[in-house]
Amino acid sequence: MTYAITQTCCSDATCVAVCPVNCIHPTPEERAFGSTEMLHIDPKTCIDCGACADACPVDAIFPVDRLPAAQRAYADINAAYYEDAEREPAPEGPNFHAWGEPSFPRVLPADFARLRVAVVGTGPAGMYAVQDLLLHTSAEVTLIDRLPVAGGLVRYGVAPDHPATKKVGDTFARFHAHPRVRMHLGLDVGTDVTHEEIAAHHDAVVYAVGAAADRNLAIPGEELPGSVSASAFVAWYNAHPDAVRDPVDLSAERVVVVGNGNVALDVARILLADPETLARTDIADHALAALRASEVREVVLLGRRGPEDAAYTRSELLALRQVPGVDLVVDDHDPRTAPAIEAAAARDKAAVLQGVARARPALDAPPEPGRRIVLRFHCTPVEVLGDDRVEAVRVAAGQSGRGGEADGGADEGTIRAGALLRAIGYRGLPVAGLPFDEATGTVPHEGGRVAGEPGTYVVGWIKRGPSGGIGANRTCAAETVSTLLADAVAGALPAPKHPAKNFRRLAKRRNRKVVDARGLAAIERAEATRGHLEGRPRVKLATVEELVATARSGRPGLLR
């Protein structure tokens with residue numbers, strides 16, 4: 001029986017490396033790797049060895065005959081990927097797989113002096129770079145993060161009801177206590193230390209700081225209370241220290257979410273999920289309390305384009321169909337929507353909506369009984385209405401196709417709603433001491449090398465913009481580390497002006513609350529202990545003060 005890759009695929013290609021018959025595609029060497037939603041197993045080539053399932057860092061691979069009902073569609077999704085593909089003929093001889101010549105692209109000569117590299121950011125992008133440096137070279141790594149806990153996007157961006165996806169963090173955590181790693185958490189570059197000071201103590205500096213800013217709608221009324229960014233909402237329910245801990249107002253029966261990417265779907269799903277189900281996850285305590293008291297019964301997702309061009313992945317849309325007690329409805333207000341769904345081929349994401357109920361709900365009136373998510377395509381907000389807070393959203397016809405051609409922008413009336421969440425994308429922020437491209441929200445670079453800054457590199461969203469999931473950072477980091485090592489061999493890295501121990505002294509002098517690897521381990525123990533007492537994977541510490549105090553105490557039983 002063949003295996004199938006399912007919803008939580010992180011696309012980091014660990015499974016590709018261990019497959020003996022080359023049945024998992026696209027591989028990192030193939031053009032589609034960077035843009036594919038997930039990886040796929042060819043059912044006609046798979047030999048049922050299970051090596052991929054053993055290697056998967058997020059438990060996304062299962063035998064087809066053991067798929068739960070909610071994931072059986074993935075057997076067809078994996079098979080559909082290969083319907084029109086040409087399979088390579090099986091090689092002659094005893095080997096199942098025709099391996100290429102050995103390649104060791106990210107290594108240094110054996111007699112090369114040990115490098116000292118600082119990595120700013122502990123999310124997936126930064127940790128893939130750290131992994132490459134530690135596994136392929138003898139480099140010493142200084143890990144820096146402005147928050148007093150590691151994890152980045154894995155800890156604060158992945159939805160709490162996706163625990164398998166969070167398991168990729170275990171892969172990165174094994175490097176936190178590596179003997180060649182020194183950790184400085186809670187150290188803010190630009191406030192506590194400067195880029196120039198970091199560079200003066202290291203051969204190279206790699207920035208993996210992501211894209212922390214939100215994109216605005218730029219429409220009247222957007223600043224009203226009740227209008228918030230989806231990223232702020234995600235940070236709130238994930239216990240990010242920067243998030244406002246005051247209860248979010250969920251007293252409205254209907255919420256409008258602008259956008260139809262994966263974040264928009266996460267937000268809609270969390271708003272309507274059963275709080276008792278969420279109570280078994282690592283969701284923030286304050287968010288769980290607010291969701292238990294929530295009055296929200298309907299979430300309307302607005303997408304400017306049609307279902308064939310939606311930004312979400314097929315796997316996340318499938319997950320939306322499986323939320324217990326929540327109906328999924330396609331708003332049939334636009335004549336282009338139904339034909340696009342019915343004409344979709346099996347491999348198209350719009351095909352997931354085949355069989356989903358279509359209706360024209362009265363969005364200018366209170367929601368009907370029940371709980372539902374409404375997908376409204378070809379629709380864009382033009383004004384947020386209300387006196388003291390959000391009361392309604394005026395909408396107009398959206399766009400047609402990816403080219404963005406306007407289709408008249410005809411007024412389509414108003415949607416009565418008590419809250420508006422913006423989920424239209426992220427944008428990078430300038431990094432103190434580095435050049436910045438305002439148009440793209442990225443740091444200008446060549447293969448990861450920052451323009452005009454020898455010894456300085458970027459990786460992740462600050463390098464390529466806010467695109468690609470967790471696994472995309474692996475190939476992104478590989479490129480940057482390859483560039484860094486090539487510069488090292490070419491003698492292009494500036495020599496450090498100070499020894500490594502001087503930076504540790506500098507960090508402690510500038511910020512007495514810096515957390516090291518031992519402190520991080522204490523935080524992990526405390527959160528896991530609290531989680532065990534409540535039947536949850538962990539109970540997160542939600543403030544900087546709690547995190548720092550726990551790191552200093554080292555007591556695993558620290559209470560709230």
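(A) Representation of the environment of Tyr 457 within the structure. By the secondary structure assignment, Tyr 457 is in strand S25 (residues 456–458). On the accessibility criterion, Tyr 457 (0% relative accessible area) is buried. The sequence separation of Tyr 457 and Gln 131 amounts to 326 residues, and the corresponding C-alpha distance is 16 Å. In contact with Tyr 457, not counting residues within four places along its chain, are Ala 204, Val 205, Val 206, Tyr 207, Gly 448, Arg 449, Val 450, Thr 480, Thr 483, Leu 484, Asp 487 and Leu 493.

(B) Geometry of helix H4 (residues 124–136). Taking 1.5 Å of rise per residue, the 13 residues of H4 would be expected to cover 18 Å, and the 18 Å separating its terminal C-alpha atoms lies within 8% of that figure. Of the residues making up H4, those classed as buried are Pro 124, Ala 125, Gly 126, Met 127, Tyr 128, Ala 129, Val 130, Gln 131, Asp 132, Leu 133 and Leu 134. Along its buried surface, H4 packs onto strand S5 (116–120), strand S6 (140–145), helix H5 (153–156), helix H7 (168–173), strand S7 (181–185) and helix H16 (472–489).

(C) Layout of the environment of Arg 182. In this fold, Arg 182 is placed in strand S7. Sequence spacing of Arg 182 and Arg 280 is 98 residues, and the spatial spacing of their C-alpha atoms is 34 Å. Setting aside residues no more than four positions away along its own chain, Arg 182 makes contact with Val 141, Thr 142, Leu 143 and Arg 504. One polar contact links the side chain of Arg 182 to the main-chain carbonyl oxygen of Pro 179, over a distance of 3.3 Å.

(D) Up close: a positive patch on the surface. Residues Arg 182, Lys 501, Arg 504, Arg 505, Lys 508, Arg 512, Lys 513 and Arg 552 make up a contiguous surface patch of positive charge. At 4 residues, helix H17 (residues 500–510) tops the list of elements feeding residues into the positive patch. Among the structural elements, Lys 513 can be located in the loop between H17 and helix H18 (517–534).

(E) Quick peek at the side chain of Gln 71. The residue Gln 71 is located in the loop between strand S4 (61–63) and helix H3 (73–80) in this model. Residue Gln 71 is classed as buried on the basis of its relative accessible area, which comes to 15%. Ignoring anything within four residues of it in the chain, the contact list for Gln 71 reads Thr 6, Gln 7 and Phe 62.

(F) Broad picture of the pattern of salt bridges. Evaluated as defined, the whole model comprises 31 salt bridges. With a shortest N-O distance of 3.1 Å, Arg 297 and Glu 253 are connected by a salt bridge. Here Arg 297, found in the loop between helix H12 (285–292) and strand S12 (298–302), pairs with Glu 253, found in the loop between helix H9 (230–237) and strand S11 (254–258); they are 44 residues apart in sequence, far enough to count as distant. A salt bridge links Arg 372 to Glu 298, with the shortest nitrogen-to-oxygen separation between them at 3.0 Å. Placement of the pair is Arg 372 in strand S15 (residues 372–376) and Glu 298 in strand S12, with a sequence separation of 74 residues. Per residue, the accessibility class of Arg 372 equals that of Glu 298, and both read buried.

(G) Spatial organisation of the packing of aromatic side chains. What the rule picks out here adds up to 5 aromatic pairs. Between Tyr 128 and Phe 172, the ring centres sit 5.0 Å apart and the planes meet at 85°, which makes this aromatic pair edge-to-face. You can see Tyr 128 sitting in helix H4 and its partner Phe 172 sitting in helix H7, a full 44 residues away along the chain. Residues Tyr 128 and Phe 172 agree in their burial class; the two are buried.

(H) Examining unusual backbone geometry more closely. With omega at -5°, the peptide bond leading from His 25 into Pro 26 counts as cis. Phi at Ala 13 is positive, roughly 70°, even though this residue is not glycine. As for its position among the elements, Ala 13 is in the loop between strand S1 (3–5) and helix H1 (14–18). Not every positive phi belongs to a glycine, and Asp 59 is a case in point at roughly 50°. Within the secondary structure layout, Asp 59 lies in the loop between helix H2 (51–55) and S4.

(I) The arrangement of the sheet that holds strand S16 (residues 379–385) in detail. Ordered by their spatial adjacency, 3 strands build an open sheet running S16-S17-S20, and the pairing between neighbours is antiparallel. At either margin of the open sheet sits one strand with a lone partner, and together these are S16 and strand S20 (411–416). Between one strand axis and the next, the sheet turns through 30° on average, direction left out of account. Across 4 bridges, the pairing between strand S17 (residues 392–397) and S20 is antiparallel. Bridging across to S20, Ala 392 finds its partner in Arg 416.

The rules we used
Residues numbered from 1 in each chain as written. Predicted model: local features only at pLDDT ≥ 70, side-chain atom pairs only at ≥ 80, totals over all residues. Heavy atoms only, no water. Helix = DSSP H or I, 4+ residues; strand = E, 2+ residues; numbered from the N terminus. Buried < 20%, exposed > 50% of the residue type's maximum accessible area, 1.4 Å probe, protein only. Contact = heavy atoms within 4.5 Å. Expected span 1.5 Å × (residues − 1). Polar contact = N/O pair within 3.5 Å; in protein donor to acceptor, adjacent residues only side chain to side chain. Patch = residues over 30% accessible without salt bridge, like charges linked within 9 Å, V, L, I, M, F, W, Y side chains within 5 Å. Areas by Shrake-Rupley, 256 points an atom, 1.4 Å probe, with all protein chains shown as cover. Salt bridge = Lys/Arg side-chain N within 4 Å of Asp/Glu carboxyl O. Lys, Arg positive; Asp, Glu negative; His and termini not counted. Charge placed at Lys NZ, Arg CZ, Asp CG, Glu CD. Phe/Tyr/Trp six-rings, centres within 6.5 Å; stacked < 30°, edge-to-face > 60°. Pairing = 2+ DSSP bridges. Axes fitted to C-alpha atoms, helices over the stretch in contact; angles between N-to-C directions.

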